[in-house]
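What the coordinates show
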Amino acid sequence: MPGLAVIGHPVAHSRSPDMQTAALSDLGLAGEWTYGAIDVSPEDFEATIAELSAAGEYAGVNITVPHKEAAVAMADEATESARAIGAANTLTFRDGLIVADNTDAGGLLRSLPYLPDGERALVLGAGGAARAAIWALADAGVKVDVWNRTRSKGEELAAHFKVGFMEHPNPADYALIVNTTAVGLGGEDAFAHLPLTADSFVPGQVVLDMVYTEEPSALLAAAAAAGATTVDGLEMLVQQGALSMRIWTGEEPSIEAMRTAVRR
Ligand code: NAP
């Protein structure tokens, strides 16, 4: 029975087990495949992955905070996107090898209503999620600017990916705004911490908030009220998870079944 799991620290509140189990059920694989959650501390990460790979019972794992960088570093092989981003959220155990991939990048693109290639996007943040967003958008021909609370980190990241850095961006200039910061996760006021106000948004704009909370975020509520199209973090979670499932099983899971499970 091929095993799958999400590995993080902490991981108990992850929505991936319910979501990926729904995907497996929909594919008719629930009797053969399982998907669980494994809490692994940073000190034990490499040894645990090596054991899972060697034991032959697991087909692969999703990787979440704080292990994404360690995952790509220890992999035997990595896709171009995982290498370029410097982080992996998907590992596949194949013929004794650990293969790293990053489906956050593709998942972000698939969660957008359209690809704004040739248009401008503002990425807020300079952590691991920002790296995936910047790489995915720039690679797809979008003109990216980065903003980050810690200016030096934002400038460094912008230089690394050869995109712009904005200390005081004008939100109305952008076809797409992506919040990759953790602001909102702990109930913080997005408008006190980000270079946005409640009336920053314009009709026709797309606003994606990677943070997922029980209620729609204040940021997305303001964007929707202004006539922008909004995409929440759960939609991106579904899309990145579907891409991982396709890598492991070779089949395209039902997005609708995964959406239903993740919003339950
Ligand atoms: P990370 O590497 O720790 O980066 C955190 C980022 O948030 C940094 O840019 C940090 O700025 C910024 N930040 C934190 N608190 C802030 C504040 N009070 N004001 C302004 N900026 C603040 O984390 P990550 O891995 O990139 O993840 C970020 C978020 O994205 C998390 O909530 C994660 O759950 C979410 N995410 C969602 C998905 C999805 O599928 N929906 C996928 C990946 C990640 P400084 O540099 O100034 O510290």
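In what follows, the structure referred to is the one given above.
**A few points about the sheet that holds strand 12 (residues 229-232)**
In any sheet, the strands associate via hydrogen bonds between backbone groups, in a parallel or an antiparallel arrangement. As summarised here, the arrangement of the 6 strands in space is 9-8-7-10-11-12, forming an open sheet in which the pairing is parallel. Two strands lie at the open edges of the sheet, namely strand 9 (164-165) and strand 12, each paired on one side alone.

**Brief notes about the packing of aromatic side chains**
Each aromatic ring pair is specified by the distance between its two centres and by the angle formed by the two planes. Enumeration according to the criterion identifies 1 aromatic pair in this entry. Seen in terms of ring centroids, tyrosine 35 and tryptophan 248 are 6.4 Å apart; in terms of plane orientation they differ by 50°. Their pairing is tilted. Of this pair, tyrosine 35 sits in strand 2 (residues 34-39) while tryptophan 248 sits in helix 10 (residues 233-249), and the two are 213 residues apart along the sequence. Looking at tryptophan 248, the relative accessible area reads 9%, which means it is buried.

**What to know about the pattern of salt bridges**
In the structure shown here, the tally under the stated rule is 9 salt bridges. Between aspartate 145 and arginine 120 there is a salt bridge whose closest N-O contact spans 2.8 Å. Of this pair, aspartate 145 sits in strand 8 (residues 143-147) while arginine 120 sits in strand 7 (residues 120-124), and the two are 25 residues apart along the sequence. Counted as one network, the salt bridges with shared partners bring together Arg110, Arg246 and Glu252.

**Quick look at the packing of helix 10 against helix 11 (residues 255-262)**
Packing of helix 10 against helix 11 brings their axes to within 10 Å, and their N-to-C directions diverge by 135°. With respect to helix 11, the element helix 10 is oriented oblique. With respect to the hand of their crossing, helix 10 and helix 11 are arranged in right-handed fashion. Only Ile255, Met258, Arg259 and Val262 of helix 11 make contact with helix 10, whose side of the interface consists of Leu234, Glu235, Leu237, Val238, Gln239, Gly241 and Ala242.

**Observations regarding the sheet that holds strand 2**
A sheet is described by the order of its strands in space; here 6 strands give the open sequence 2-1-3-5-6-4, paired in mixed fashion. Where the open sheet ends on each side, the last strands, each with one partner, are strand 2 and strand 4 (77-78). The pairing of strand 1 (residues 3-8) with strand 3 (residues 58-63) spans 5 bridges and is classified as parallel. If you follow leucine 4 over to strand 3, its bridge partner there is glycine 60.

**Re the nonpolar core**
If you look at the biggest cluster of nonpolar residues, it comprises 30 residues, and the most contacted ones within it are Leu108, Ile134, Leu137, Val144 and Leu208. Elements with a contribution of two residues or more to this core: helix 5 (103-111), strand 7, helix 6 (128-139), strand 8, helix 7 (151-160), strand 10 (176-179) and strand 11 (206-209). Among the elements that make up this core, the one with the highest residue count is helix 6 (7 residues). A domain split of this core shows at least three residues from each of domain 1 (3-102 + 235-262) and domain 2 (106-231). Residues in contact with isoleucine 134, not counting those within four places in the same chain, are Val123, Val144, Val146, Leu157, Phe161 and Val163. Core analysis: the second largest hydrophobic core is formed by 20 residues, Val6, Leu234, Val238 and Ile255 among them.

**A few points about helix 2 (residues 45-55)**
What helix 2 keeps buried is the set Phe45, Thr48, Ile49, Leu52 and Ser53. The arc that holds every buried residue of helix 2, seen down its axis, measures 130°, which confines them to one face. In helix 2, the exposed positions angled more than 90 degrees off the buried face are occupied by Glu46, Glu51, Ala54 and Ala55. On its buried face, helix 2 sits against strand 1, strand 2, strand 3, helix 3 (68-74), strand 5 (90-94) and strand 6 (97-101).

**Considerations on the site of the ligand**
Taken together, 23 residues surround the ligand, and among them Ala129, Asn148, Arg149, Thr150 and Gly233 come closest. The backbone of alanine 126 places a nitrogen or oxygen atom 2.9 Å from an oxygen atom of the ligand. At 2.5 Å from an oxygen atom of the ligand is found a side-chain nitrogen or oxygen belonging to threonine 150. Its free accessible area being 930 Å², the ligand has 79% of it covered by the protein chains. Put simply, the parts of the chain that give the shell around the ligand at least two residues each are helix 6 and helix 10. Broken down by element, the residue count for the shell around the ligand peaks at 3 residues, all from helix 10. Taken domain by domain, the shell around the ligand gets at least three of its residues from each of domain 1 (3-102 + 235-262) and domain 2 (106-231).

About the criteria used
- Residues numbered from 1 in each chain as written.
- Predicted model: local features only at pLDDT ≥ 70, side-chain atom pairs only at ≥ 80, totals over all residues.
- Heavy atoms only, no water.
- Pairing = 2+ DSSP bridges.
- Helix = DSSP H or I, 4+ residues; strand = E, 2+ residues; numbered from the N terminus.
- Phe/Tyr/Trp six-rings, centres within 6.5 Å; stacked < 30°, edge-to-face > 60°.
- Buried < 20%, exposed > 50% of the residue type's maximum accessible area, 1.4 Å probe, protein only.
- Salt bridge = Lys/Arg side-chain N within 4 Å of Asp/Glu carboxyl O.
- Axes fitted to C-alpha atoms, helices over the stretch in contact; angles between N-to-C directions.
- Parallel < 35°, antiparallel > 145°, perpendicular 65-115°, else oblique.
- Left-handed = near helix turned anticlockwise from the far one by under 90°.
- Contact = heavy atoms within 4.5 Å.
- Core = buried A, V, L, I, M, F, W, Y, C linked by side-chain atoms within 4.5 Å.
- Domains from an automatic or database assignment.
- Arc of directions from axis to C-beta.
- Near = heavy atom within 4 Å.
- Polar contact = N/O pair within 3.5 Å; in protein donor to acceptor, adjacent residues only side chain to side chain.
- Areas by Shrake-Rupley, 256 points an atom, 1.4 Å probe, with all protein chains shown as cover.

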